[in-house]
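Analysis of the macromolecular model
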Amino acid sequence: MKKDYSDMKKWQQKIHEVIFGYHTTAGRVFDLALLVAIVASVLVVMLESVNDIEAHYGEELRMIEWGFTFLFSIEYLARILSSPRPLKYITSFMGIVDLLSLIPTYLSFFFVGTHSLSVIRSFRLIRVFRILKLTHFMGGAQQLGTALWGSRHKIVVFMGTVVCIVVIAGTMMYLIEGGENGFTSIPKSIYWAIVTITTVGYGDIAPQTIFGQTAASILMILGYAIIAVPTGIVTSQMMADAKRIGTITCSNCGEEDLPNHSRFCLNCGAGFHRKVDSQLDSSIKNQ
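Below or above, wherever it landed, is the structure these notes cover.

Conventions and cut-offs
- Here the residue numbering is sequential within each chain, running from 1 through the sequence in written order.
- Note on the predicted model: pLDDT of at least 70 is required for a residue's local features to be given, and 80 or more for side-chain atom pairs to be given and counted; whole-chain, interface and lining totals, by contrast, use all residues.
- No hydrogens and no water enter the side-chain calculation; it runs on all heavy atoms of the structure.
- We count a stretch as a helix when DSSP gives it H or I for four or more residues in a row; a strand needs E for two or more, and each element gets its number in order from the N terminus.
- Buried, partly exposed and exposed residues are distinguished by accessible area as a fraction of the type maximum, computed with a 1.4 Å probe on protein chains only: under 20%, between the cut-offs, and over 50%, respectively.
- In what follows, residue pairs with any heavy atoms lying within 4.5 Å of each other are defined as contacts.
- Surface patches are defined over residues having more than 30% relative accessible area and no salt bridge, joining like charges when they lie within 9 Å and nonpolar side chains (Val, Leu, Ile, Met, Phe, Trp, Tyr) when within 5 Å.
- Only the protein chains shown count as cover for residues, and the accessible areas themselves come from Shrake-Rupley with a 1.4 Å probe.
- For this document, the term salt bridge refers to a Lys or Arg side-chain nitrogen within 4 Å of an Asp or Glu carboxyl oxygen.
- Interaxial angle, 0 to 180 degrees, is taken between N-to-C directions of lines fitted to C-alpha atoms, where a helix line uses only the stretch in contact.
- Any angle that falls under 35 degrees is termed roughly parallel, while one over 145 is termed roughly antiparallel, one within 65 to 115 roughly perpendicular, and all others oblique.
- Pairing of aromatic rings covers Phe, Tyr and the six-membered ring of Trp, with a centre-to-centre limit of 6.5 Å; geometry is then stacked below 30 degrees between planes, edge-to-face above 60, and tilted otherwise.
- In this analysis the charged atom, NZ for Lys or CZ for Arg, is taken to sit over a ring once it is within 6 Å of the ring centre and within 35 degrees of the ring normal.

Describing the overall build of the chain
- When helices and strands are counted, the chain shows 12 helices and 2 strands.
- Along the chain direction, N to C, the helices and strands of the chain fall in the order α-α-α-α-α-α-α-α-α-α-α-β-β-α.
- Sorting the 287 residues of the chain into buried and exposed places 36% on the buried side.
- Put simply, 58% of the contacts in the chain that link residues at least 6 apart link residues at least 24 apart.

So, in structure tokens, the structure goes:
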């Protein structure tokens, strides 16, 4: 039998209401305090990388960082204990981010400097969307991710084509310009082609001959056309997805804009009723 919110003990329900129940006053206060702690911890890691600050306050900053890590560890365990579906929370996107934000500091016991990777916890600021009633942005992010996944075959073909173009263009520039003009090898010439076709243009290498400048001009113009291709691919996929995909709201924690094919809440891990799922599936087929 699936574990539901009503099956949880009272102390688990209270913790759940504070941690996941952002519609409640206690939940909003907790989330705001959590966001402040995340920003502060990331700032501490950034300040520690400054030599002058590290020289004078390095020990204090490390103590503060360990304090934040200890608090985040307790919070992570509390989320697991108070979730109706602990495994689903652990394997969810935010659950993985929560875990990864803790690992770098503990790894610093064995590998020096790995605590700097703690800045990954800045991803946890995504929860600000829930607090500010901007959960529709989360739905938009999920839609974008779905569109990217649906367009993966077209994107792979596109990227393969771009790779072929830069290899050919780089080889041609190596033959046209030669080492005396900075194109000392085919890999370095390919680097120039990538920089040029992406319209970055560092300027560290530039063609000097008429033929080379003509080829570079064609590659630059081609670069503008290439940039527009991925946008069109993803946009068309998003429009197609929008016609057949709706959203649902979790009755447990109030998480909104979840994909209608979801079996579990991406925020709290609560399972959705089988009857609701079958209704959604049938509605999709009728569209």
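The structure having been displayed, the exposition proceeds.
A short note on unusual backbone geometry
- Backbone geometry at T199 places phi at a positive 60°, although glycine is not the residue there.
- As for its placement among the helices and strands, T199 is situated in the loop between α10 (186-197) and α11 (210-244).
- The class of T199 is partly exposed, set by a relative accessible area of 36%.

Some points on a nonpolar patch on the surface
- On the surface, a nonpolar cluster with roughly 960 Å² of combined accessible area is contributed by W66, I96, L99, L100, I103, Y106, L107, F109, F110 and F111.
- Where the nonpolar patch is concerned, the elements lending two or more residues are α5 (93-100) and α6 (103-107).
- Following the sequence through the fold, L99 ends up in helix α5.

Quick notes on the packing of helix α1 (residues 10-19) against helix α2 (residues 25-48)
- Between α1 and α2, the shortest axis-to-axis distance is 6 Å and the interhelical angle comes to 60°. Relative to α2, the element α1 lies oblique. Contacts between α1 and α2 pair E17, V18 and I19 from the former with A26, G27, F30 and D31 from the latter.

What to know about the packing of aromatic side chains
- Applying the stated criterion across every chain, the model contains 4 aromatic pairs.
- For the ring pair W66 and Y106, a centre distance of 5.7 Å and an interplane angle of 70° mean the geometry is edge-to-face. One end of the pair, W66, is in helix α3 (residues 51-82); the other, Y106, is in helix α6, and 40 residues separate them in sequence.
- A residue is classified by how much of its surface remains accessible, and Y106, at 36% relative accessible area, is partly exposed.
- Taking 6.2 Å as the distance between ring centres and 20° as the angle between the ring planes, the aromatic pair formed by F68 and F72 counts as stacked. Here F68 and its partner F72 are both found in helix α3, 4 residues apart, which amounts to about one turn of the helix. Summarising the burial analysis for this pair, F68 and F72 share the class buried.
- One Lys or Arg, R152, reaches over the ring of W149 and ends 4.0 Å from the middle of that ring.

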